[in-house]
Amino acid sequence: MKQHSILRFGAAGICVLAMTGQLWAQAARRPLPPSVGVRVERDHAAMARFRPAFPFWQHIFVVPDGAIAFGSAVDGRLLATFPVRGDWARDGVWRDNSFATFTIDHRLPDDLWQRRETVAELLEPAVGPVLHNPTRGLSVLPNLPRYGAFLGEWGAIYERFGVPAEIGLAQALVESGFNGTIRSEARAVGFCQWLDRNWNRLKQLAPHVVEGHNQTTQAPYCAAYLSILATKYHSFIPALSEHHTGGANVGRTLINGERLGGADVRERYFIGAEFARDLRAAAPGAFSDLYGTYGPRSFLYAEMVFGNAAAVAQLTATTPQSKIYAMRTPRALAVTDIVRSTGLTAAEVRRFNPALVSRVPARGTLYLPRHVAAFGRDVAFWHRPPVAAYSSLLTEFTSLDASIERWDSPSFDAVLSRFRTRFEATATEEGAVMATTLAYVLEERRSNRQAQILAEFRSSGRIAQLFEQARLQREPAVPPRRGGTDH
């Protein structure tokens, strides 16, 4: 991964991304709290050690649907893409044409999965273990002409909360393809796919109107929540996983990893995740009490996000960027009023405000490509340096040195409550977001049984016995499927 980052198109319009660590290195030079910089560095080292193929996922999300991508499980480099429908000997796109001869003298099976496995078997003697996965680019690529110009602004928002832009935006890429209004089958909505009930509670806690379908509104809350979880775990890896699969599942994974000898939170997470994956493959359902609903996508989630961090950096660097200005509206504003005052088309106004149907509510936030003082005061905090009170408080918060067990204990509520009060007292937009999100986290802690579930899991003799049975049955470990689980 030393060549320059480029985006190019091969046969059948397949988009192939050649990525490097260069753009990530640029991101690492941006100002973040010192503890966060160390955290990300250690996360990348752990990802390279335990999931060295993680760069493979950047190709999955930039190649349009309808192809199968093959990559190296050793380093994640893209080897080839083949159309789901078509002649693989004729229509394949090879990164190294010397491999193209591997399939010439072989009749490939008609069944797609068998064909994928056969190609992987043919490649493995030359390149080592091979991954293959359907491409998912149509979840992202159609949104780039509309929203790609905003990545720099959204990245600046993430960084104001101590989250590296590429990690925060890579999660948004994986979750929503940057679409603010998309809904999942589980009724999760928007940028980082929060459930409606979560957004509704945030709206009640926030000091102003929150419109959850605007990405520029969603991004600060997504960032604040991820920052809080990363502070809890001292790592973005289990933090991302908790966002996806829940704290109880991550907690079980970490406890299992600790029992298997993991030395720190990252080792425990990855070892525990492999344990869950192998148990599901070897004895489906028999040991589910050890891993809960931690499934194949849970296993890959943080890997997919970190794999797409470089893709986000490349997309931001190669797409002309636009400023987003934010105005807090003292009164309701109709679309017609905004169009008449700015000369923008209604379509352009809605590009900045996907939640906008007919009017921006009073005390809501209007986003435009320039500031219009008549629409309200400027609340685009990401355009200004952070005030010292907020910056020092964020540094203090992200440097919290509490164990996960202490964090999960009811007594830690008092610590989080004090930080919530102090963030609110900074009288800043970003301080208000942190205070609101901490209030939400505190309510969430008091309303679920996560701490009790994990305490029981750790102390249960039945679970300890089941763990030993699973550990013995797992040896020798079940080899994973070449392609993992399709995502």
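A few points on the structure.

Parameters at a glance
Residues numbered from 1 in each chain as written. Predicted model: local features only at pLDDT ≥ 70, side-chain atom pairs only at ≥ 80, totals over all residues. Heavy atoms only, no water. Disulfide = S-S within 2.5 Å. Helix = DSSP H or I, 4+ residues; strand = E, 2+ residues; numbered from the N terminus. Salt bridge = Lys/Arg side-chain N within 4 Å of Asp/Glu carboxyl O. Expected span 1.5 Å × (residues − 1). Contact = heavy atoms within 4.5 Å. Polar contact = N/O pair within 3.5 Å; in protein donor to acceptor, adjacent residues only side chain to side chain. Core = buried A, V, L, I, M, F, W, Y, C linked by side-chain atoms within 4.5 Å. Buried < 20%, exposed > 50% of the residue type's maximum accessible area, 1.4 Å probe, protein only. Phe/Tyr/Trp six-rings, centres within 6.5 Å; stacked < 30°, edge-to-face > 60°.

Overview of the state of the cysteines
Link 1 in the chain: A full pass over the atoms with the stated rule returns 1 disulfide.
Link 2 in the chain: Note on cysteine connectivity: C192 is disulfide-linked to C222, with sulfurs 2.0 Å apart. Measuring handedness by torsion sign, the sulfur bridge of C192 and C222 sits at about -75° and is left-handed. Here C192, found in the loop between β7 (188-189) and β8 (194-195), pairs with C222, found in helix α10 (residues 215-233); they are 30 residues apart in sequence, far enough to count as distant.

Describing the pattern of salt bridges
Link 1 in the chain: A full pass over the atoms with the stated rule returns 27 salt bridges.
Link 2 in the chain: Of the charged contacts, one joins D43 and R266 as a salt bridge, the two residues approaching to 2.6 Å between their closest N and O atoms. Of this pair, D43 sits in helix α2 (residues 34-50) while R266 is found in helix α13 (residues 265-282), placing the two residues 223 residues apart along the sequence.
Link 3 in the chain: Linked by salt bridges that have partners in common, K232, E242 and D408 make up one network.

Some points on helix α5 (residues 112-127)
Link 1 in the chain: The terminal C-alpha atoms of α5, which comprises 16 residues, lie 22 Å apart, in line with the 22 Å expected from a rise of 1.5 Å per residue.
Link 2 in the chain: Where α5 is buried, its residues touch β3 (67-72), β4 (78-83), α4 (88-91), β5 (93-94) and β6 (130-134).
Link 3 in the chain: Taking the backbone nitrogen of W113 as reference, a side-chain oxygen 3.2 Å away marks D111 as the first, capping residue of α5.
Link 4 in the chain: Directly after α5, the chain includes G128, whose backbone phi takes a positive value near 85°.

Regarding the nonpolar core
Link 1 in the chain: Counting 114 residues, the largest nonpolar core has W154, F178, L290, F397 and F423 as the members making the most contacts within it.
Link 2 in the chain: The greatest single-element share of this core, amounting to 11 residues, is contributed by α10.
Link 3 in the chain: Apart from the residues lying within four places of it in its own chain, the contact partners of W154 are Y147, L169, F178, F191, Q215, T216 and I324.
Link 4 in the chain: Listed in part, the 15 residues of the second largest apolar core include I68, W88, V119 and A120.

Quick word on the packing of aromatic side chains
Link 1 in the chain: In this structure the tally under the stated criterion is 27 aromatic pairs.
Link 2 in the chain: Consider the rings of Y225 and Y440, whose centres lie 6.2 Å apart with planes at 70°: the pair is edge-to-face. One end of the pair, Y225, is in helix α10; the other, Y440, is in helix α21 (residues 429-447), with 215 residues separating them in the sequence.
Link 3 in the chain: Ring plane angle 75° and centroid distance 6.1 Å describe the contact between F397 and F423, whose orientation is recorded as edge-to-face. A residue pair is termed long-range when its members are at least 10 positions apart, and F397 in helix α18 (residues 388-398) and F423 in helix α20 (residues 413-425) qualify at 26 residues. No difference in accessibility class separates F397 from F423, as the two residues are buried.
Link 4 in the chain: Among the aromatic residues, those joined into a ring-pair cluster are Y147, F150, W154, Y158, F178, F191 and F352.

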